[in-house]
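If you want the building blocks of each chain, they are given just below.
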Amino acid sequence: MKDIELFLKKLHYFDNKFKLFIYQNKDHLLVDYLELCALIDEYSSFIINHDNETQWNNLGRSIEIVSLVQNLRKNSSVCVQIMEKYRALLLNHEEKEMTDYFRNIGDCIGKEFGGFQVTSQSKVLLIGSGSFPITLLMVAEQTGADVFGIDIDDEAIQLGKHVVNKLGSHLSIQIDKKTVEELAVMEQISHIIFSSTVSRKYDILDQLYDVTNKDVLIAMRYGNGLKSLFNYPMQKVNKNKWHIIEEIIHPQHVFDVVLYQKVQ
């Protein structure tokens, strides 16, 4: 019982810290960027620590627990967005050491599509590109593919373009505030990556069926179990539209990946 109480206490600690940063940012108060980075790194380490799996499995699913998990998922996502915006703005002044969180994401990218290789002939779309589009930069740099990013946040679009101009002006990267139905190149897209913190990703996946080509490959970042504290979990899909071709589990990373293709 004591272990469960400590586990719950830690969850509340994280949620309270996330709320504090969100409050400071919302009220235009000074956010301690390094402290926020340290918190996100601590939270990432907590989620991939297998010793915490036992406590998670014994936690129960009361209304209070479900509400806490939902709050943590939402608030940690908002704090990552704040961190990305600060990191993008800091490019104007100085380079900061890459945090464990960004390093964790970077390590995942090379394994995103499993055995389905992205080449220089590919056209890759990231849904939920964010203010610091590290995925777009790394995919374009490593493969030479044409990459596209979309997001619903005006500030994220502006900062994302700034980061690309600063770090990847030699690369083929385009970022827009558009829906998948508005993107002109949608039928030419060969690979699509969903950010793990996009809450409506399965609704968008359903929309993609009618606007993509028959061979498109979807990499859906997700997190089940303990990882659902940081990511939206996997959901069932319409079996007449999509089928799973591979599940890529990353024990040491903050999210896992499931690959979908169209049912032919």
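Everything below is about the structure shown above.
Per chain, residues are indexed from 1 in the order of the written sequence. Two thresholds apply to this predicted model, a pLDDT of at least 70 for residue-level local features and 80 or more for giving and counting side-chain atom pairs, whereas whole-chain, interface and lining totals are computed over all residues. Side-chain descriptors were evaluated using all non-hydrogen atoms of the structure, hydrogens and water having been removed beforehand.

A. Looking closely at a nonpolar patch on the surface. Patch rule: a residue counts if its relative accessible area is over 30% and it has no salt bridge; like charges are joined within 9 Å, and nonpolar side chains (Val, Leu, Ile, Met, Phe, Trp, Tyr) within 5 Å. Each accessible area is a Shrake-Rupley estimate made with a 1.4 Å probe; only the visible protein chains count as cover when residues are assessed. Any Lys or Arg side-chain nitrogen located within 4 Å of an Asp or Glu carboxyl oxygen qualifies as a salt bridge. A cluster of nonpolar residues, Leu-20, Tyr-23 and Leu-29, forms a patch on the protein surface that exposes about 290 Å² of accessible area. In this fold, Leu-29 is placed in the loop between α1 (2-26) and α2 (33-47). For helices the rule is a DSSP run of H or I covering at least 4 residues; for strands it is a run of E covering at least 2, with both sets numbered from the N terminus onward.

B. How the structure looks around the packing of α1 against α2. Between α1 and α2, whose axes approach to 11 Å, the crossing angle comes to 150°. Considered as vectors, α1 and α2 are oriented roughly antiparallel to each other. By crossing handedness, the relation of α1 to α2 is classed as left-handed. Residue-level inspection shows Phe-7, Lys-10, Leu-11, Tyr-13, Phe-14, Lys-17, Phe-18 and Phe-21 of α1 in contact with α2, the latter providing Glu-35, Leu-36, Leu-39, Ile-40, Glu-42, Tyr-43 and Phe-46. To get an axis, fit a line to the C-alpha atoms, keeping to the stretch in contact for a helix; angles then go from 0 to 180 degrees between the N-to-C directions. What sets the label is the angle itself: under 35 degrees gives roughly parallel, over 145 gives roughly antiparallel, 65 to 115 gives roughly perpendicular, and the rest give oblique. Helix crossings are classified by the rotation of the near helix relative to the far one: an anticlockwise turn of less than a right angle makes the crossing left-handed, while a clockwise turn makes it right-handed. A contact between two residues is defined here by any heavy atoms of the two lying within 4.5 Å.

C. Summary view of the sheet that holds strand β4 (residues 191-194). In short, DSSP must find at least two bridges between two strands for them to pair. If you walk across this open sheet you meet the seven strands as β3-β2-β1-β4-β5-β7-β6, and the pairing is mixed. In the strand order of this sheet, the two ends are held by β3 (173-176) and β6 (242-248), each with one partner. Sheet twist, expressed as the mean angle between neighbouring strand axes with direction ignored, is 20°. Along the sheet, helix α8 (residues 201-211) contacts β1 (123-127), β4, β5 (217-222), β6 and β7 (256-262); its crossing angle with β5, the most-contacted strand, is approximately 175°.

D. Representation of the packing of aromatic side chains in the model. Side-chain rings of Phe, Tyr and Trp (the six-membered ring for Trp) are treated as a pair once their centres are within 6.5 Å; stacked means planes under 30 degrees apart, edge-to-face means over 60, and tilted covers the remaining angles. Evaluation of the coordinates by the stated rule reveals ten aromatic pairs. Judged by centre distance (6.3 Å) and plane angle (15°), the ring pair of Tyr-33 and Tyr-86 falls under stacked. Note that Tyr-33 is positioned in helix α2 and Tyr-86 in helix α4 (residues 63-90), a separation of 53 residues in sequence. The same class applies to Tyr-33 and to Tyr-86, which are both buried. Grouped by ring-pair contacts, the aromatic residues Phe-7, Tyr-13, Phe-14, Phe-18, Tyr-43, Phe-46 and Phe-230 constitute a single cluster. Two conditions define a charge sitting above a ring: the NZ of Lys or the CZ of Arg must be within 6 Å of the ring centre, and it must be within 35 degrees of the ring normal. In this arrangement the basic side chain of Arg-73 is found over the ring face of Tyr-232, its NZ or CZ atom lying 5.3 Å from the centre. Against the face of Tyr-209 rests Lys-262, its NZ or CZ located 5.0 Å from the ring centre. The buried label goes to any residue with under 20% of its type's maximum accessible area, the exposed label to any with over 50%, and the partly exposed label to all in between, with areas taken from a 1.4 Å probe on protein chains only.

E. Looking closely at the packing of α2 against α4. Running from N to C, α2 and α4 cross one another at 135°; their axes reach a closest spacing of 10 Å. Relative to α4, α2 is oriented oblique. Considering how the two elements wind past one another, α2 and α4 form a crossing that is left-handed. Between α2 and α4, the contacting residues are Tyr-33, Leu-36, Cys-37, Ile-40 and Tyr-43 on the first element and Leu-72, Ser-76, Cys-79, Val-80, Ile-82, Met-83, Tyr-86, Arg-87 and Leu-90 on the second. Amino acids are sorted into nonpolar (Ala, Val, Leu, Ile, Met, Phe, Trp, Tyr, Cys and Pro), charged (Asp, Glu, Lys and Arg) and polar (every other residue, Gly among them). When the residues that make up the contact of α2 with α4 are grouped by side-chain class, the tally is twelve nonpolar, one polar and one charged.

F. Structural view of the environment of Glu-84. Summarising the element assignment, Glu-84 is placed in helix α4. Put simply, Glu-84 and Pro-133 are 49 residues apart on the chain and 8.6 Å apart in space, counted from C-alpha to C-alpha.

G. The arrangement of the environment of Val-180 in detail. Here Val-180 shows up in the loop between β3 and β4. Using a relative accessible area of 3% as the deciding quantity, one classes Val-180 as buried. Linking Val-180 and Gln-207, residues 27 residues apart in sequence, is a C-alpha distance of 7.8 Å. With near-sequence residues (within four places) excluded, Val-180 lies in contact with Ile-127, Ile-150, Met-186, Ile-204, Gln-207, Leu-208 and Val-211.

H. Expanded view of the nonpolar core. What we call a nonpolar core is a set of buried Ala, Val, Leu, Ile, Met, Phe, Trp, Tyr and Cys residues that are connected through their side-chain atoms within 4.5 Å. Formed by 61 residues in total, the largest nonpolar core has its most connected members in Ile-173 and Leu-229. Considering each element in turn, this core owes the most residues, eleven residues, to α4. When near neighbours in sequence (up to four residues on either side) are disregarded, Leu-229 contacts Leu-11, Tyr-43, Phe-46, Ile-47, Trp-56, Val-69, Leu-72, Arg-73 and Ser-76. Residues Phe-148, Leu-183, Val-258 and Tyr-260 belong to the second largest nonpolar core, which totals 24 residues.

Just distances and angles here, no functional claims.
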